[in-house]
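# Structural overview for review
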Amino acid sequence: MSGSRSKSIVLWTLVTIALITLSAPTVVVLGASFTGGNIITFPPDGLSLRWYARISQASDLRNAFLRTLQVATVCTLVAIPVGTLAGIALAKYAVRFEKSIQIYLLLPFTIPLIGSGIGLMLVFGKAGFLGQLWPVGIACCVINLPFMIWAVTASATGLDPDLELAAANCGAPPLQVFFSVTLPAVMPGVITGSLLMFILALNEFLVSLLLVDARIVTLPVLIYNSIRSIITPDLAAISVVFIACSAVAIFLLDRLVGLDIFLKSK
Amino acid sequence: MRAARTAYPLKWRIMDALEGVAAAIWPARFRRATPYLMLLPAVLLVGLLVLGLIQIADASLRTLDTTTFQFSDDYSIANFRRALTEPLFLVVAQRSLIAALIVTAVTLVFAFPYAYLMVRTRSPRLRKFLLIALFLPFFIGQVVRAYGWLIILGNQGMVNEALGVVGIAPMRLIYNYPAVLFGLVQYMLPFAVLMLAPALTAIPEELEAAAGSLGANWVRTFIHVVLPLARPGFIGAGVVVLTLSLTDFAVPAILGGGSQDFIANAIYDQFFRTSDQGLGATLALMLVALGSILVGLVFALFGAGTLAMGRSRA
């Protein structure tokens, strides 16, 4: 980066404010979860792991977390084939009505979440699917599908079509071309997309809130329902589960594809 | 005989069988239709949303009979009339729209330098640090982040406790409009930076150097070179932040404490508190329309920016 001193001062001031704002809730939740007192105070009442001991005993929290994992798994397992195929098709082929199809596939982003959530609630309700977990997973998949398609198209545009032709020319039938040339080439996109889908479904709140009932609450909904005016540290300790999942996802993303992939221009 | 078997391993046999099946159900002459077949599952899945919209439209035309709590069988536009005339909904709509505009402006002001520094820095370590600091909150979810702000800003929160130590009376820092705006900006920052960064990567650094060597200072270089070239990023980021904050539910609900409802909260209340599904559906439909008009307007005026997901066009 080149430039004058005033430039770095202005840039760094804004970036520092952004960094503090971004990190403050995470840091505070982490800190609060280790407090020794019954309520979160400043300065804290010493350090302890008692809230972790407490949440590990609570079966409703554990079950809610397992349900959330289930939802995220359904979402990811559906998104991988659907998004990969659509992404490759959009990136590689000259499709008729391409523009319309793109706009259509962006619907999950243009329709507000509350609209999508209520629409899916009515659809699943009519079909009698409510009260189960898999519709929540499908719903999370639908609303985040553009992320998966983006990730795949981004890596598929880097694939030289001549490679596939060369494979076919050497006698590879279509499926073999797909599995040994096309798929490996878009793999970084598939990995990025599926990690995003998993983590977004894990955190999905509004659509879960609309689609679950009291028997099958997911963890974000449970946390939301438990937030009261008095702030107790056990919620902070559960929230750390999400921070840990987030950290694992970032680590995997960085190891498998590199975080820099998000900086690449198309 | 054994030698022949190893020469043609099992994996190949399976692949042959699969190719045979594939060729039987999807012969080569269908080849031109292959991309459509690949798009089909995604189209069907998104079709669920279209079905949902149809259901919402249907519900919006039925009015609730308050004596029997039944919905009318025949259609009427009474719900739309109510939605447009009741002052409460006007206040809520105004509040959400103004918030969305402010949040978009503030978020872009902070997201641009973040994205710029992240793209332009020569230190891979700093870049990784900025990326991690961005993704960690992005991957944590709204509820937990809003909860973090409650711990910091709440009536018995850290800031007020700290103020108490120095002898200042506690202040009400949450359950007001600025708190919701602040929470939304924090929520939107990662989205905005991630939409801006690819557009900034696409700008060759030499252009800035060239502007500098021709005598422009960094402010002029930004205004005349970097910002115009980053337009696709600003469009993408702006659209995403505008629509997401306009339609947000969790931040107004948690940091607004019921006094700062946005459109999404009003819709939720109609469905689950008042149980007037028809009016709720009407509001939802109007929000979908408002969002689509905003997105359509931006796209029509400026193009899809970094939001386009098809083949790259030279």
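The residue numbering used here restarts from 1 in each chain and proceeds along that chain's sequence as written. By the order in which they are written, chains take letters starting at A while ligands take numbers starting at 1. For a predicted model such as this one, the threshold for reporting local features is a pLDDT of at least 70, and the threshold for listing and counting side-chain atom pairs is 80 or more; totals across whole chains, interfaces and linings nevertheless cover every residue. Processing note: side-chain calculations cover all non-hydrogen atoms of the structure and skip hydrogens and water entirely.

## Brief notes about the overall build of chain A
Let me state the cut-off plainly: Counting from the N terminus, the helices are the DSSP runs of H or I reaching at least four residues and the strands are the DSSP runs of E reaching at least two. With a 1.4 Å probe rolled over the protein chains alone, any residue whose accessible area is under 20% of its type maximum counts as buried; one over 50% counts as exposed, and the rest are partly exposed. Pairs of residues are marked as contacts when any of their non-hydrogen atoms sit within 4.5 Å. Charge assignment: positive for Lys and Arg, negative for Asp and Glu; neither His nor the chain ends contribute. A charged residue contributes its charge at one atom only: NZ of Lys, CZ of Arg, CG of Asp or CD of Glu.
Within chain A one finds twelve helices and zero strands. Counting all 266 residues of chain A, 55% fall into the buried class. Considering only contacts within chain A whose residues lie at least 6 apart along the sequence, 72% involve residues at least 24 apart. Side chains of chain A give 15 positive and 11 negative charges; the mean places of these two sets differ by 5 Å.

## Remarks on the UniProt feature "transmembrane region" (unreviewed entry) in chain A
All names here are of chain A. What counts is decided by this rule: UniProt positions are given in the numbering used here, feature names are shortened, and annotations may be inferred rather than shown by experiment.
UniProt's feature table lists "transmembrane region" (unreviewed entry) at residues 69–91, 103–124, 136–156, 177–199, 205–223 and 235–253, given in the numbering used throughout. Taken end to end, residues 136–156 has its terminal C-alpha atoms 29 Å apart, with 100% of it in helix and 0% in strand. Strand forms 0% of residues 205–223 and helix 58%; the C-alpha atoms that close the span are 10 Å apart.

## Some words on the interface of chain B and chain A
Quite often, the size of an interface is put as the accessible area lost when its parts meet. To keep things clear, this is the line we draw: Put simply, buried area is how much 1.4 Å-probe accessible surface two parts lose in total, over both of them, once they are put together. When a carboxyl oxygen of Asp or Glu lies within 4 Å of a side-chain nitrogen of Lys or Arg, that pair is called a salt bridge.
The interface of chain B with chain A comprises 98 residues on the first partner and 105 residues on the second. Counting the surface lost from both chain B and chain A, the interface buries some 9,500 Å², and carbon and sulfur atoms represent 80% of this. At the junction of chain B with chain A, the criterion picks out two salt bridges. Note that Glu208(B) is salt-bridged to Lys7(A), the shortest N-O span being 4.0 Å. Considering each element in turn, the side of chain B that touches chain A owes the most residues, 18 residues, to helix α3 (residues 34–60) of chain B.

## Here's the deal with the domain arrangement of chain B
Heads up, the condition is: Residue ranges labeled as domains rest on an automatic or database domain assignment.
What the domain assignment lists for chain B is domain 1 (2–33) and domain 2 (85–307). The centre of domain 1 of chain B, based on its C-alpha atoms, is set 51 Å off from the matching centre of domain 2 of chain B.

## Here we look at the UniProt feature "domain: ABC transmembrane type-1" (unreviewed entry) in chain B
Per the UniProt record, the feature "domain: ABC transmembrane type-1" (unreviewed entry) sits at residues 93–298 of chain B. With 80% helix and 0% strand, residues 93–298 of chain B has end C-alpha atoms that lie 20 Å from one another.

## Considerations on the UniProt feature "transmembrane region" (unreviewed entry) in chain B
Residues and elements named next belong to chain B. UniProt feature "transmembrane region" (unreviewed entry): in the numbering of this structure it lies at residues 36–57, 97–117, 129–154, 174–197, 234–255 and 283–308. From the first C-alpha to the last, residues 36–57 spans 29 Å; its make-up is 100% helix and 0% strand. What you have in residues 129–154 is 85% helix and 0% strand, and the ends, taken at the C-alpha atoms, are 29 Å apart.

## Re the packing of aromatic side chains
Cut-off, in case you're wondering: Only centres within 6.5 Å qualify two rings of Phe, Tyr or Trp (six-membered ring in Trp) as a pair; their planes then separate them into stacked at under 30 degrees, edge-to-face at over 60, and tilted for everything else.
The final tally for this structure, using the stated rule, is 27 aromatic pairs over all chains. Measuring from ring centre to ring centre gives 4.7 Å for Phe205(A) and Tyr224(A), while their planes differ by 55°; the resulting arrangement is tilted. A residue pair is termed long-range when its members are at least 10 positions apart, and Phe205(A) in the loop between α9 (174–203) and α10 (206–211) and Tyr224(A) in helix α11 (residues 219–226) qualify at 19 residues. When its relative accessible area of 3% is taken as the criterion, Phe205(A) is described as buried. On the numbers, 5.6 Å between centres and 25° between planes, the contact of Phe112(B) with Phe234(B) is stacked. Linking Phe112(B) in helix α5 (residues 87–120) with Phe234(B) in helix α12 (residues 231–246), this pair joins segments that are 122 residues apart in sequence. According to the relative accessible area criterion, Phe112(B) is buried, its value standing at 8%. Accessibility expressed as a relative area gives 22% for Phe234(B), which makes it partly exposed. The structure contains a cluster of three or more aromatic residues connected by ring pairs, namely Phe205(A), Tyr224(A), Phe249(B), Tyr268(B), Phe271(B) and Phe272(B).

## Topic: a nonpolar patch on the surface
For clarity, the cut-off: Patch membership requires more than 30% relative accessible area and the absence of a salt bridge. Residues of like charge join within 9 Å; the nonpolar side chains Val, Leu, Ile, Met, Phe, Trp and Tyr join within 5 Å. Each accessible area is a Shrake-Rupley result for a 1.4 Å probe, and residues are judged covered by the shown protein chains and nothing else.
On the surface, Leu30(A), Phe34(A), Leu47(A) and Leu49(A) cluster together into a nonpolar patch covering about 400 Å² of accessible area. By the secondary structure assignment, Leu30(A) is in helix α1 (residues 5–33).

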